[in-house]
Amino acid sequence: GRVAWRFTWFASSTRAMASVIYAFVGKGRTVWADHVTGSPLASSSVPVGGMTAAPPLENLRKTAMAMMAKLRGESGQFNFNLDARRVSYALVSESVCFGCITANDFTANAAMVFLGKLKEQFHRQYSTEQIMGPEENAGPFKKFSQHIKIEMEKAYDGGNNKITQVKSQIEDTKTVMVMNIDKVLQRGEKLEDVMIKSDSMRDHAMQFRNKGRKLRRAMWCQNMKLTLVIIAGLLLLGFIIFLAACKGFSCTK
């Protein structure tokens, strides 16, 4: 009978895709520009001062301010585990902090690439004189929130495209495997038949080896008999020549 092969793709349509939840740019303890998505994880912000009733964006800004206060403008790359589902990342350059909060399955490399793009756009749009001004003067930088939003959407779309590509590759692989299995089943090749054929070939090989040994032994015996006959013939011929030359046994007297 035909063997039914079943492939199941395990995926949950309700699972939140790995993405950037919140991103910001700031200096000192002041958030200059930021943006938050509508992800359910955005409302799970870390409570500050025991107050949890604040809107998501306000709590996230307090988290960003706490991050910048802890870093104190120190240049480098940093990450903090906020809770079981979220991680924050920071890229500090020239005392300016570029930060984001992501789902915990968003890789650190992807987060740093995202922050690096924010940094490039920020320095392209604002002069060194503006950046080195008073940290409390956030007015000139508010418009950068729109750029943050665009980069967050790009990061989301990039992850979505990669998932689609992986799913497509899995579907292609599944199709090829099913076709190969069907071909094997159509040829009627079964594992038991292959094992039986293998045993039969091994038996034939043993029989062939035994017959070969018997044949070599018979050929050796035949060659020995022929050799003995030739030697006996030569001795007889020599004896006849001796008798003819000596006219009997008179040569011995």
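Looking at the environment of Ala90
Now for step 1: Note on placement: Ala90 falls in strand β4 (residues 86-93).
Now for step 2: C-alpha of Ala90 to C-alpha of Ala111: the two residues are 21 residues apart in sequence and 8.8 Å apart in space.
Now for step 3: Apart from the residues within four sequence positions on either side, Ala90 is in contact with Met67, Leu71, Gly76, Gln77, Phe78, Cys97, Phe98, Gly99, Met112 and Leu115.

Examining the packing of aromatic side chains
Now for step 1: If you walk through the whole model with that rule in mind, you get nine aromatic pairs.
Now for step 2: Centroid distance Trp32 to Phe122: 6.2 Å. Interplanar angle 20 degrees. Geometry classified as stacked. Taken together, the positions of Trp32 in strand β2 (residues 30-36) and Phe122 in helix α2 (residues 108-125) put the pair 90 residues apart, joining distant regions of the chain.
Now for step 3: Judged by its relative accessible area of 0%, Phe122 falls in the buried class.

Here's the deal with α2
Now for step 1: For α2, spanning 18 residues, the distance from its first C-alpha to its last is 26 Å, which sits close to the expected 26 Å at 1.5 Å a residue.
Now for step 2: When α2 is considered as a whole, its buried residues turn out to be Ala111, Met112, Phe114, Leu115, Gly116, Leu118, Gln121 and Phe122.

Comments concerning the nonpolar core
Now for step 1: Ranked by size, the top nonpolar core spans 26 residues in total, and within it Phe114, Leu115 and Phe122 carry the most contacts.
Now for step 2: By residue number, the principal contributor to this core is α2, which donates six residues.
Now for step 3: Not counting the four nearest positions on each side in its chain, Phe114 is found in contact with Val20, Ala23, Cys100, Glu151, Met152 and Ala155.
Now for step 4: By size, the runner-up hydrophobic cluster in this structure holds 14 residues, among which are Leu60, Met67, Leu71 and Ile101.

What about the pattern of salt bridges?
Now for step 1: Counted by the stated rule, this structure contains five salt bridges.
Now for step 2: The closest approach of N and O atoms between Arg86 and Asp83, which form a salt bridge, is 2.9 Å.
Now for step 3: Classification of Arg86 as buried rests on a relative accessible area of 1%.
Now for step 4: Asp83 gets classed as partly exposed once you look at its relative accessible area, which sits at 30%.
Now for step 5: Where Arg202 meets Asp199, a salt bridge forms, and the shortest distance between an N and an O atom there is 2.6 Å. Here Asp199 and Arg202 lie together in helix α5 (residues 191-246), a separation of three residues that amounts to about one turn.
Now for step 6: Here Arg202 falls in the partly exposed class, since its relative accessible area comes to 46%.
Now for step 7: Since its relative accessible area comes to 35%, Asp199 is described here as partly exposed.

As for the sheet that holds strand β5 (residues 96-103)
Now for step 1: Spatially, β2-β1-β5-β4-β3 is the arrangement adopted by the five strands of the open sheet, whose pairing is antiparallel. Of all strands in the sheet, those with a lone pairing partner are β2 and β3 (76-81), marking the two edges. Geometrically, the sheet is characterised by an average inter-axis angle of 15 degrees between neighbouring strands, direction not taken into account.
Now for step 2: Bridge count for β3 against β4 is six bridges, and the pairing is antiparallel. Within β4, the residue paired with Asn81 across the bridge is Val87.
Now for step 3: Seen against the sheet, α2 touches β1 (20-27), β2, β3, β4 and β5 and runs at an angle of roughly 40 degrees to β4.

Here's the deal with the confidence of the model for the chain
Now for step 1: For the chain, per-residue confidence averages 80 on the pLDDT scale, and residues scoring 70 or more make up 75% of the total.
Now for step 2: Below a pLDDT of 50 lies the segment residues 1-17, which in the model reaches 16 contacts outside its immediate sequence neighbourhood of four places, other chains included.
Now for step 3: Confidence drops under a pLDDT of 50 for residues 45-54, and excluding neighbours within four residues, the segment shows 12 contacts in the predicted structure.

Structural notes on helix α1 (residues 56-71)
Now for step 1: Between its terminal C-alpha atoms α1 stretches 23 Å, which fits the 22 Å expected from 16 residues at 1.5 Å a residue.
Now for step 2: Among the residues of α1, Asn59, Leu60, Thr63, Ala64, Met67, Met68 and Leu71 are the ones counted as buried.
Now for step 3: Its buried side turned inward, α1 meets β1, β2, β3, β4 and β5.

A closer look at unusual backbone geometry
Now for step 1: Even without being glycine, Glu94 reaches a positive phi, approximately 55 degrees.
Now for step 2: In this structure Glu94 comes out as partly exposed when scored by relative accessible area, which is 46%.
Now for step 3: Unlike most non-glycine residues, Ser95 shows phi in positive territory, near 70 degrees.
Now for step 4: Structurally, Ser95 is set in the loop between β4 and β5.
Now for step 5: Assessed through its relative accessible area of 35%, Ser95 is described here as partly exposed.

So, how was this worked out
- Residues numbered from 1 in each chain as written.
- Predicted model: local features only at pLDDT ≥ 70, side-chain atom pairs only at ≥ 80, totals over all residues.
- Heavy atoms only, no water.
- Helix = DSSP H or I, 4+ residues; strand = E, 2+ residues; numbered from the N terminus.
- Contact = heavy atoms within 4.5 Å.
- Phe/Tyr/Trp six-rings, centres within 6.5 Å; stacked < 30°, edge-to-face > 60°.
- Buried < 20%, exposed > 50% of the residue type's maximum accessible area, 1.4 Å probe, protein only.
- Expected span 1.5 Å × (residues − 1).
- Core = buried A, V, L, I, M, F, W, Y, C linked by side-chain atoms within 4.5 Å.
- Salt bridge = Lys/Arg side-chain N within 4 Å of Asp/Glu carboxyl O.
- Pairing = 2+ DSSP bridges.
- Axes fitted to C-alpha atoms, helices over the stretch in contact; angles between N-to-C directions.
- pLDDT = per-residue confidence, 0-100.

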